[in-house]
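Next come the chains, spelled out residue by residue.
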Amino acid sequence: MSEQNIFQPGMFFWFTLTVSVVLSGCGTEKVELGIASYPTSSSMVRCNPDSKTAPGGIINDEASTDGIKFNVRTPSNYDSTIAHPLLMVFAPARSNHFRMERMTGFTKQATTAGFIVAYTDHPSLTSTTTVQLGTIVGLIAKKWCVDEQRVFLTGHSDGGSVSMALAFMSGTKHIPSAIAPSAAGMNLEALYNHPCPDPIPVMVIHSANDQLFPNHGNESVSWWANCNGCESNAKNELDNGCIAYSGCTGGVKTWYCEGTGRHSKWPRRSADIIEFFLSSTQS
């Protein structure tokens, strides 16, 4: 299967109708940033003083070269000389960068953990627009102090599909350090003919009651577990209810977290996602 055929026409129609009701409104609510506790280690990655000139705080309506809008959030005590992990949050159909922030609730807890967080709009989803969404990472890294070895991708429905596709598409698979797709519209049929990327931490989140993409979570995590060299029959239930595969290459984390909500609902896993990303790149 070519990368041009990853996303099928009409795949996301039902969710388009649903989310326009559930997530209506504009980005007018107060945004609360966290205070990061920066480490004092001399070995931490840094940016040259004065090389990253964008301000910290609440930055709205940035735009990619292709016109895709996105918001950026930094810790309230942002230090432009310290390289931050970057959390990219991709929106579902008919949502936008403001609605996705409210939907996921990442901002305060992620910035407290030292992340820069970016929320993107939803363009009509194709392989081309997926690549365009991936270019936003580089745009942010040019203006803010980002550790490009700690770039993490998540999103819901279409946004989950984007975070998954960027991790295996040939021109973008170098971007993420780990991914946590939620309710993604990719099953084994969509993934089967794609070459595996190098092992990467993956946290697949899906609902057992997802009527739009039934069983896609189980099927996609089995593909990722195979790519990560995990033992297919060796799984452990974690305290947070997720299932972790064992024996994965280099100890790469491969988790499946199943919920029971509707497709349109963001799972209550934001804190788990942040912890997964933080722990997945710790030596």
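See the structure printed just above.
What you see is a predicted model; the values in this text were computed from it and never measured. (Residues numbered from 1 in each chain as written. Predicted model: local features only at pLDDT ≥ 70, side-chain atom pairs only at ≥ 80, totals over all residues. Heavy atoms only, no water.)

1. Topic: the overall build of the chain
Scanning the chain for helices and strands turns up eight helices and 10 strands. Looking at the chain residue by residue over its 283 residues, the buried ones come to 55%. Sequence-distant contacts, at least 24 apart, represent 76% of the contacts inside the chain between residues at least 6 apart. Accessible area for the chain stands at about 12,500 Å²; split by element, carbon and sulfur atoms hold 48% of it. (Helix = DSSP H or I, 4+ residues; strand = E, 2+ residues; numbered from the N terminus. Buried < 20%, exposed > 50% of the residue type's maximum accessible area, 1.4 Å probe, protein only. Contact = heavy atoms within 4.5 Å. Areas by Shrake-Rupley, 256 points an atom, 1.4 Å probe, with all protein chains shown as cover.)

2. What about the packing of aromatic side chains?
Tallied over the full model, the rule gives eight aromatic pairs. Each residue in the set Phe-115, Phe-152, Trp-255, Phe-276 and Phe-277 is aromatic and connected to the rest through ring pairs, giving one cluster. (Phe/Tyr/Trp six-rings, centres within 6.5 Å; stacked < 30°, edge-to-face > 60°.)

3. Thoughts on the environment of Ala-63
Positionally, Ala-63 belongs in strand β1 (residues 58-63). A relative accessible area of 46% means that Ala-63 is categorised as partly exposed. Once the C-alpha coordinates of Ala-63 and Thr-120 are considered, the two residues, 57 residues apart in sequence, prove to be 9.2 Å apart.

4. Digging into the pattern of salt bridges
Using the criterion set out here, one finds five salt bridges in the structure. Taking the shortest distance from any N to any O, the salt bridge between Glu-62 and Lys-143 comes out at 2.7 Å. Residue Glu-62 is found in strand β1, and its partner Lys-143 is found in helix α4 (residues 127-143); the two are separated by 81 residues along the sequence. On the basis of relative accessible area, Glu-62 is assigned to the buried category, the value being 18%. Under the relative-accessibility criterion, Lys-143 is labelled partly exposed at 33%. The salt bridge involving Glu-101 is made with Arg-73; its shortest N-O contact spans 2.8 Å. (Salt bridge = Lys/Arg side-chain N within 4 Å of Asp/Glu carboxyl O.)

5. Notes on the environment of Lys-253
For Lys-253, the location among the structural elements is in the loop between β9 (243-246) and β10 (254-259). Between the C-alpha atoms of Lys-253 and Phe-276, which are 23 residues apart in sequence, the distance is 8.5 Å.

6. Details of the nonpolar core
If you look at the biggest cluster of nonpolar residues, it comprises 49 residues, and the most contacted ones within it are Leu-86, Met-88, Ile-140, Trp-144, Phe-168 and Trp-224. Membership of the second largest hydrophobic core comes to 24 residues, among which are Met-203, Trp-255, Cys-257 and Phe-276. (Core = buried A, V, L, I, M, F, W, Y, C linked by side-chain atoms within 4.5 Å.)

7. Observations regarding the layout of surface pockets
Considering only enclosed or pocket space, the largest pocket measures out at about 330 Å³ in volume. Lining the largest pocket are 21 residues, and of these Pro-39, Pro-85, Ala-113, Arg-150 and Leu-278 lie nearest its centre. For the lining of the largest pocket, the elements supplying multiple residues, two or more each, are β3 (84-90), β5 (146-156) and α8 (270-280). Looking at side-chain class alone, the lining of the largest pocket contains 13 nonpolar, six polar and two charged residues. (1 Å grid on protein atoms, 1.4 Å probe; cavity = no way out; pocket = protein on both sides within 12 Å on 5 of 7 lines; lining within 4 Å. Points joined across faces, edges and corners; volume = space filled by probe spheres on them. Nonpolar A, V, L, I, M, F, W, Y, C, P; charged D, E, K, R; others polar.)

8. A closer look at the side chain of His-263
Relative to the helices and strands, His-263 resides in the loop between β10 and α8. Exposure remark for His-263: the relative accessible area of 2% places this residue in the buried category. Among the polar contacts made by the side chain of His-263, one reaches the side chain of Asp-210 at a distance of 2.7 Å. (Polar contact = N/O pair within 3.5 Å; in protein donor to acceptor, adjacent residues only side chain to side chain.)

9. Some details on the state of the cysteines
Following the criterion strictly, the structure yields four disulfides and no others. What pairs with Cys-47 in a disulfide is Cys-145, and their sulfur atoms sit 2.0 Å apart. Here the disulfide of Cys-47 and Cys-145 is right-handed, its torsion about the S-S bond being about 100°. Of the two residues, Cys-47 is situated in the loop between α1 (13-22) and β1 and Cys-145 in the loop between α4 and β5; the sequence distance between them amounts to 98 residues. Note on accessibility: Cys-47 and Cys-145 belong to one class, buried. For the chain, the bonded cysteines connect in the pattern 1-2, 3-4, 5-7, 6-8 when numbered consecutively along the sequence. (Disulfide = S-S within 2.5 Å.)

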